[in-house]
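Each chain, letter by letter, is given below.
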Amino acid sequence: MASKKETLGGLGGLVLLIGGYLLLKGKPIISVKGDVNGDGKVSVADITHAEYIIMGLPNPSTGEAYTAEWIARADVNNDGSVDMGDVVRIENIMLGIES
Ligand SMILES: [Ca+2]
Ligand SMILES: [Ca+2]
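All of these numbers come straight from a predicted model, not from anything done at the bench.

1. As for the overall build of the chain
Part 1 of the reasoning: A tally of regular secondary structure across the chain gives 4 helices and 0 strands.
Part 2 of the reasoning: Traced from its N-terminal end to its C-terminal end, the chain shows the element sequence α-α-α-α.
Part 3 of the reasoning: Considering only residue pairs separated by 6 or more positions, the chain has 44% of its internal contacts joining residues 24 or more positions apart.

2. Digging into helix α2 (residues 44-55)
At 3.6 residues per turn, the α-helix brings residues three or four places apart onto the same side.
Part 1 of the reasoning: Compared with an ideal rise of 1.5 Å per residue, which puts 12 residues at 16 Å, α2 spans 17 Å between its outermost C-alpha atoms and is within 8% of the ideal.
Part 2 of the reasoning: Of the residues making up α2, those classed as buried are D46, I47, H49, A50 and I53. With its buried residues spanning 160 degrees around the axis, α2 presents them on a single face. Opposite its buried face, α2 presents the exposed residues V44 and M55, each directed more than 90 degrees away.
Part 3 of the reasoning: For α2, the secondary structure elements touched by its buried residues are α3 (68-74) and α4 (84-95).
Part 4 of the reasoning: Within two residues after α2, G56 carries a phi angle of roughly 75 degrees, on the positive side.

3. Remarks on the packing of α2 against α4
When two helices pack together, you describe them by how their axes are tilted relative to each other and by the distance separating the axes.
Part 1 of the reasoning: Two numbers describe how α2 lies on α4: the axes approach to 10 Å, and their chain directions differ by 180 degrees. In terms of orientation, α2 and α4 fall into the roughly antiparallel class. For the pair formed by α2 and α4, the contact residues are D46, I47, A50, E51 and I54 on the first element and M84, D86, V87, I90 and E91 on the second.
Part 2 of the reasoning: Tallied by class, residues from the contact of α2 with α4 come to 6 nonpolar, no polar and 4 charged.

4. Focus: the environment of I90
Part 1 of the reasoning: Looking at the secondary structure, you find I90 in helix α4.
Part 2 of the reasoning: For I90, a count of 28 C-beta atoms within 10 Å translates into the label buried.
Part 3 of the reasoning: In this view, I90 contacts G34, V42, D46, I47, A50 and V76; residues no more than four positions away in its chain are not counted.

5. Looking at the nonpolar core
Part 1 of the reasoning: Listed in full, the 12 residues of the largest apolar core are V36, V42, I47, A50, I53, Y66, W70, A74, V76, V82, V87 and I90.
Part 2 of the reasoning: What V82 contacts, discounting residues up to four positions off in sequence, is A50, I53, I54, I71, A74 and D75.

6. Side note on the environment of N77
Part 1 of the reasoning: Relative to the helices and strands, N77 resides in the loop between α3 and α4.
Part 2 of the reasoning: In this structure the C-alpha to C-alpha distance between N77 and V87, which are 10 residues apart in sequence, comes to 9.8 Å.
Part 3 of the reasoning: For N77, the contacting residues outside a window of four places in its chain are G85, D86 and R89.

7. Focus: α4
Part 1 of the reasoning: Compared with an ideal rise of 1.5 Å per residue, which puts 12 residues at 16 Å, α4 spans 16 Å between its outermost C-alpha atoms and is within 8% of the ideal.
Part 2 of the reasoning: Residues of α4 that are buried make contact with α2 and α3.
Part 3 of the reasoning: Positive phi shows up at G96, right after α4, with a value of about 80 degrees.

Reading the values: the criteria
- Residues numbered from 1 in each chain as written.
- Chains lettered and ligands numbered in written order.
- Predicted model: local features only at pLDDT ≥ 70, side-chain atom pairs only at ≥ 80, totals over all residues.
- Helix = DSSP H or I, 4+ residues; strand = E, 2+ residues; numbered from the N terminus.
- Contact = placed C-beta atoms within 7 Å.
- Expected span 1.5 Å × (residues − 1).
- Buried ≥ 20, exposed ≤ 12 C-beta atoms within 10 Å, placed from the backbone.
- Arc of directions from axis to C-beta.
- Axes fitted to C-alpha atoms, helices over the stretch in contact; angles between N-to-C directions.
- Parallel < 35°, antiparallel > 145°, perpendicular 65-115°, else oblique.
- Nonpolar A, V, L, I, M, F, W, Y, C, P; charged D, E, K, R; others polar.
- Core = buried A, V, L, I, M, F, W, Y, C linked by C-beta atoms within 7 Å.

Put into structure tokens, the structure is as follows:
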């Protein structure tokens, strides 16, 4: 039993190590509020994407429908839907009026 625990502990350490490696190598997990396209900054492009989502149009950059991930990022006030309220919030974040 003792050796099994050691093995499991070793595996846990390895998983933590890999997890830490992925955190360092991968894209930052913490997203920027108002950053709809996920490029790490809030800009006019994010406002455009939010407006396209509201209008039900596909992503003009890819021609594909917006995924749930994009829609979630556009819902900056977390009320479950993307509307002009979110666009205003993104504009304010971009202008530095709110964070
Ligand atoms: Ca962006
Ligand atoms: Ca919203």
